[in-house]
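# Secondary and tertiary structure notes
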Amino acid sequence: MARVGLTADRLVAAAAELADEAGFENLTLSALARRFGVKDASLYSHVRNMQDLRTRLALFAGGELVDRIAAAVAGRAGKEALAAFAGAYREYALERPGRYAATQIRIDQDLVADSPAMRRTAEVTYGMLRAYGLDEPDLTDAVRLLRSTFHGYCALESAGGFGASRDVQTSWDRAIDALHVALTHWPRERNSHD
């Protein structure tokens, strides 16, 4: 194996490229082994199994995504930060479809807690939302609203699901406007005593 220099990091980077080319759902250990010109068994000293590879790829891609988002929102607040955040998210989802798909899988919460990239994702996201004056449990609800809106829009756009003649970018911009209004006027959770 030394002749090809296999490492877990090299395998994950190659898996990311392969996922973008062939689709995350088509990523296999056999296809990855072929890319390096080795037998499937050669990979098992670097990754335990397919689930391990998918998890590593999800953490890798999540790190790339949060780096883009953090760079985009740096020095911005409010609607400007929201638009920058959303734009970086959408750009990554459309440019790196296999990697983006990897970020959507469920990961063991212990691994999430130990991942610097996942902690940074929470810091950047919650930091942007705190500018809207949100606290828990509203922060979690707002994160879920943003994630589902961004993901749904990107999934439909990448699948060619928007057939109307209206410009897709214009609709995206209007969606960000609507999210800004929703976040600005967030319905606060009422006390059960109210």
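Check the entry above for the structure.
Being a predicted model, the structure only gives us computed values, none of them experimental.

Rules and cut-offs
Residues numbered from 1 in each chain as written. Predicted model: local features only at pLDDT ≥ 70, side-chain atom pairs only at ≥ 80, totals over all residues. Heavy atoms only, no water. Helix = DSSP H or I, 4+ residues; strand = E, 2+ residues; numbered from the N terminus. Buried < 20%, exposed > 50% of the residue type's maximum accessible area, 1.4 Å probe, protein only. Areas by Shrake-Rupley, 256 points an atom, 1.4 Å probe, with all protein chains shown as cover. Lys, Arg positive; Asp, Glu negative; His and termini not counted. Charge placed at Lys NZ, Arg CZ, Asp CG, Glu CD. Expected span 1.5 Å × (residues − 1). Polar contact = N/O pair within 3.5 Å; in protein donor to acceptor, adjacent residues only side chain to side chain. Salt bridge = Lys/Arg side-chain N within 4 Å of Asp/Glu carboxyl O. Contact = heavy atoms within 4.5 Å. Phe/Tyr/Trp six-rings, centres within 6.5 Å; stacked < 30°, edge-to-face > 60°. Patch = residues over 30% accessible without salt bridge, like charges linked within 9 Å, V, L, I, M, F, W, Y side chains within 5 Å. Axes fitted to C-alpha atoms, helices over the stretch in contact; angles between N-to-C directions. Left-handed = near helix turned anticlockwise from the far one by under 90°. Parallel < 35°, antiparallel > 145°, perpendicular 65-115°, else oblique.

## Some remarks on the overall build of the protein
Counting secondary structure elements, the protein contains 9 helices and 0 strands. For the protein, the sequential pattern of α-helices and β-strands runs α-α-α-α-α-α-α-α-α. Over its C-alpha atoms, taken along the principal directions, the protein stretches across nearly 65 × 45 × 35 Å. Relative to its 194 residues, the protein shows a buried fraction of 41%. A total accessible area of about 10800 Å² is found for the protein, and carbon and sulfur atoms account for 51% of it. Once the 24 positive and 26 negative side-chain charges of the protein are each reduced to a mean point, those two points are 4 Å apart.

## Quick notes on helix 3 (residues 50-73)
A rise of 1.5 Å per residue sets the reference length of helix 3, with its 24 residues, at 34 Å; its end C-alpha atoms lie 34 Å apart and thus fit the reference within 8%. The opening residue of helix 3 is asparagine 49, an N-cap whose side-chain oxygen sits 3.1 Å from the backbone nitrogen of glutamine 51. Looking one or two residues past helix 3, glycine 75 carries a phi angle of roughly 80°, positive in sign.

## Digging into the pattern of salt bridges
The tally for this structure, following the rule as stated, stands at 14 salt bridges. Of the charged contacts, one joins arginine 48 and aspartate 52 as a salt bridge, the two residues approaching to 3.6 Å between their closest N and O atoms. Its salt-bridge partner being glutamate 91, residue arginine 68 comes within 3.2 Å of it at the nearest N-O pair. Of this pair, arginine 68 sits in helix 3 while glutamate 91 sits in helix 4 (residues 78-95); the two residues are 23 residues apart in sequence, bridging distant segments of the chain. Salt bridges sharing partners connect three or more residues here, namely Asp20, Glu64, Arg96 and Arg99.

## Thoughts on the side chain of arginine 99
For arginine 99, the position within the fold is in helix 5 (residues 97-102). Given a relative accessible area of 8%, arginine 99 falls into the buried group. Separated by 2.6 Å, the side chains of arginine 99 and aspartate 20 make a polar contact. For arginine 99, the residues in contact, after removing those within four places along its chain, are Ala16, Glu17, Ala19, Asp20, Phe60, Ala61, Glu64 and Tyr92.

## Here we look at the packing of aromatic side chains
The tally for this structure, following the rule as stated, stands at 6 aromatic pairs. Both rings, one in tyrosine 89 and one in phenylalanine 150, keep their centres 5.4 Å apart while their planes meet at 50°; by these two values the pair is tilted. One end of the pair, tyrosine 89, is in helix 4; the other, phenylalanine 150, is in helix 8 (residues 138-158), with 61 residues separating them in the sequence. What makes tyrosine 89 buried here is its relative accessible area of 6%.

## Some remarks on a negative patch on the surface
Negative charge collects at one region of the surface, where Asp135, Glu136, Asp141 and Glu189 lie side by side. Mapped onto the fold, glutamate 189 is located in the segment after helix 9 (168-184). Note on glutamate 189: relative accessible area 58%, which makes it exposed.

## Here we look at the packing of helix 4 against helix 7 (residues 116-130)
Axis separation between helix 4 and helix 7 bottoms out at 9 Å; the angle between their running directions is 150°. With respect to the hand of their crossing, helix 4 and helix 7 are arranged in left-handed fashion. When helix 4 is examined against helix 7, the residues Ala81, Leu82 and Phe85 are found in contact with a partner set consisting of Val124, Thr125 and Met128.

## Here's the deal with the packing of helix 4 against helix 9
Geometry of a packed helix pair, given as the angle between the helix axes and the separation of the axes. Running from N to C, helix 4 and helix 9 cross one another at 135°; their axes reach a closest spacing of 10 Å. Judged by the inter-axis angle, helix 4 sits oblique to helix 9. You can see that helix 4 and helix 9 cross each other, and the crossing is right-handed. Contacts from Lys79, Leu82, Ala83, Ala86, Gly87 and Arg90 of helix 4 reach helix 9 at Val168, Gln169, Trp172, Ile176, Asp177, Leu179, His180 and Leu183.

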